[in-house]
Amino acid sequence: MFVRDAKARCPHLTVVPYNFDAYGEVADQFYGILHKYCTKVQALSCDEAFLDMTECLHDNPEEVTERMRNEIFGTTKCTASAGIAENRLLARLATRSAKPNGQLFISSEKVDDYLSTLPIKALPGIGYTVSDKLKSKEVEHCGQLRNISKDALHKDFGKKISNMLWNYCRGIDHSVVEAVQETKSVGAEVNWGVRFNENKDADNFLVNLSREVSLRLQGCGLQGRTITLKVKTRRKGAGEPLKFMGCGDCETMSRSTTMTGATDNLVTLQRIARQLFAALHVDVKEVRGVGLKMSKLEHADLGRGAQQGNMLKSWLGSSSEKLKKQCSERTCFLGNSDGILTCQRSCRSHYQ
DNA sequence: ATCCTCCCCTAC
DNA sequence: TAAGGTAGGGGAGGAT
Ligand SMILES: [Mg+2]
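An unreviewed UniProt entry lists chain A under the name DNA repair protein REV1, with Aegilops tauschii subsp. strangulata given as the organism. Under the heading Subcellular location (unreviewed entry), UniProt records this for chain A: "Nucleus". The heading Sequence similarities (unreviewed entry) in the UniProt record of chain A holds the text "Belongs to the DNA polymerase type-Y family."

Dropping the structure here:
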């Protein structure tokens, strides 16, 4: 429900504003505590992480988890939930079941029972499209999914997704906790408040978006070879969206260019962004969203040929918090010529 | 046989 | 699918 509608129904509604600084502070405390208990921590977001506790099995995992949750609450005043199991898939599912403010250990013996009635949609990586497709075949729970052959799944979902479905519905997950994650792409997009009257408005927007992406790349010390422009346009027949300045029902198109050398250069980005936009042949009056993304990344200071991949620690570190704030302030200048500003960098505030 | 581009799906 | 932004990954089909 939109705030506007909620206020219509509840005129005295108190709307609490975002407080990104506080979320960042809690995230720092959260990760600080996790690292006190475990060296293998993989950050999924500002409020969710995997911990590989294999090396800590000399202690009782459930007791360790109790202590961590207590410390998180004591320090942050935010409750936290946790799942404990033999692999990442089951631990993640256990966490969902444990909410709010609880913890759950799924032992090996309980896995089959737990999964048999679990909706397929609850599996990570399975969303509306895949689960609806299975539902249309009367397959709704993991127990039912186990009766579908690998071959049949492969025909309907392709290699990777069929394997994932086959393994996950049996509680199988061989993936490992990776503390260090490689950034694959850096980009920025705006899909709200975008309305252009003239070509030069769109052009101006592309220039600013290019600047934003260039600055973000430089902020990360990264350069890239592939630039992708994504444009949302009003779908034929779709009227103005009910939500003010929203993008409404749109079609999405994209074009990309791969260069021989990696760059973070503003002028290069602007030139290519313009070329890509022109190649899409859209009526600027119909544009509802624009995004620009750089991929095939390399470390800026290592130059070409250094295929090491970039090792970026979680963006939750305090230095990257500062960068994040700068980005969000810059983003305010991405508003179009009507002065409509954009709101980026949403951040979940619940910790359970 | 593998890579690339574009599109779609998913999670937070 | 009545949030929007960032990012990762996979599928289809064409290109190499
Ligand atoms: Mg799911």
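The structure having been displayed, the exposition proceeds.
**Regarding the protein's contact with DNA strand B**
Of all residues adjacent to DNA strand B, which total 19 residues, the nearest are S45, R96, G127, S254 and S256. Backbone sugar and phosphate groups make up 97% of those atoms of DNA strand B lying within 4 Å of the protein. In this structure, a phosphate oxygen belonging to DNA strand B sits 3.1 Å away from a main-chain N or O atom of G125. With respect to DNA strand B, the backbone of I126 contributes an N or O atom lying 3.3 Å from a phosphate oxygen. At the level of secondary structure, the elements contributing two or more residues to the surface near DNA strand B comprise α4 (88-98), α6 (128-135) and β8 (250-263). When residues in the surface near DNA strand B are grouped by element, the largest group, five residues, is from β8.

**Structural notes on the coordination of the magnesium ion**
The protein atoms that coordinate the magnesium ion are K121 (O), L123 (O) and I126 (O), at distances spanning 2.2 to 2.5 Å. Taken in chain order, the donor set of the magnesium ion reads K-x1-L-x2-I.

**Some remarks on the sheet that holds β8**
Strands sit in the order β6-β9-β7-β8 across an open sheet of four strands; the sheet is antiparallel. Each edge of the open sheet is held by one strand with a lone partner, namely β6 (185-190) and β8. Strand-to-strand twist across the sheet, computed as the mean angle between neighbouring axes with direction ignored, equals 15 degrees. Where strand β7 (residues 222-234) and β8 come together, ten bridges link them in antiparallel fashion. Counterpart to I227 in the pairing with β8 is T257.

**Topic: the pairing of strand β2 (residues 48-51)**
In the sheet, strand β1 (residues 41-45) pairs with β2 via four bridges, with the strands oriented antiparallel. Bridge assignment links S45 to a residue of β2, and that residue is E48.

**Details of the packing of α6 against helix α8 (residues 150-168)**
In the contact formed by α6 and α8, the axes pass within 13 Å of each other and the chain directions differ by 95 degrees. In this view, α6 runs roughly perpendicular relative to α8, as classed from their interaxial angle. Facing V130, K133 and L134 of α6, the residues of α8 in contact are D156, F157 and L165. Of the residues belonging to the contact of α6 with α8, the class tally is four nonpolar, no polar and two charged.

**Concerning the UniProt feature "domain: UmuC" (unreviewed entry) in chain A**
The feature "domain: UmuC" (unreviewed entry), as annotated in UniProt, sits at residues 1-127 in this numbering. In residues 1-127, helix accounts for 46% and strand for 12%; the two terminal C-alpha atoms are 21 Å from one another.

**Describing the side chain of N87**
Secondary-structure assignment places N87 in the loop between β3 (82-84) and α4. From its side chain, N87 meets the backbone oxygen of G171 in a polar contact 2.9 Å long. Among residues more than four places away in sequence, those in contact with N87 are G171, I172 and D173.

**Concerning helix α3 (residues 61-76)**
Under the 1.5 Å per step criterion, the end-to-end length of α3 is 22 Å for 16 residues, consistent within 8% with the ideal 22 Å. Contacts from the buried residues of α3 go to α2 (20-37), β2, β3 and β4 (103-105). At the N-terminal end of α3, a side-chain oxygen is found 2.8 Å from the backbone nitrogen of E62, two or three residues along, and the residue is N60. With its phi angle positive at about 65 degrees, K77 sits one or two positions after the end of α3.

**Quick notes on the pattern of salt bridges**
Taken as a whole, this structure holds 15 salt bridges when the rule is applied. R69 is the salt-bridge partner of E66, the closest N and O atoms lying 3.9 Å from each other. Note that E66 and R69 are positioned in helix α3 at a spacing of three residues, about one turn of the helix. Since its relative accessible area comes to 12%, R69 is described here as buried. Of the charged contacts, one joins E140 and K135 as a salt bridge, the two residues approaching to 4.0 Å between their closest N and O atoms. We classify K135 as partly exposed; its relative accessible area is 42%. One salt-bridge network, in which partners are shared between bridges, spans R195, E240 and R288.

Cut-offs and rules
Residues numbered from 1 in each chain as written. Chains lettered and ligands numbered in written order. Predicted model: local features only at pLDDT ≥ 70, side-chain atom pairs only at ≥ 80, totals over all residues. Heavy atoms only, no water. UniProt positions renumbered as here; feature names shortened; annotations may be inferred. Near = heavy atom within 4 Å. Polar contact = N/O pair within 3.5 Å; in protein donor to acceptor, adjacent residues only side chain to side chain. Helix = DSSP H or I, 4+ residues; strand = E, 2+ residues; numbered from the N terminus. Donors = N, O, S within 2.8 Å, 3.2 Å for Na, K, Ca; no water. Pairing = 2+ DSSP bridges. Axes fitted to C-alpha atoms, helices over the stretch in contact; angles between N-to-C directions. Parallel < 35°, antiparallel > 145°, perpendicular 65-115°, else oblique. Contact = heavy atoms within 4.5 Å. Nonpolar A, V, L, I, M, F, W, Y, C, P; charged D, E, K, R; others polar. Expected span 1.5 Å × (residues − 1). Salt bridge = Lys/Arg side-chain N within 4 Å of Asp/Glu carboxyl O. Buried < 20%, exposed > 50% of the residue type's maximum accessible area, 1.4 Å probe, protein only.

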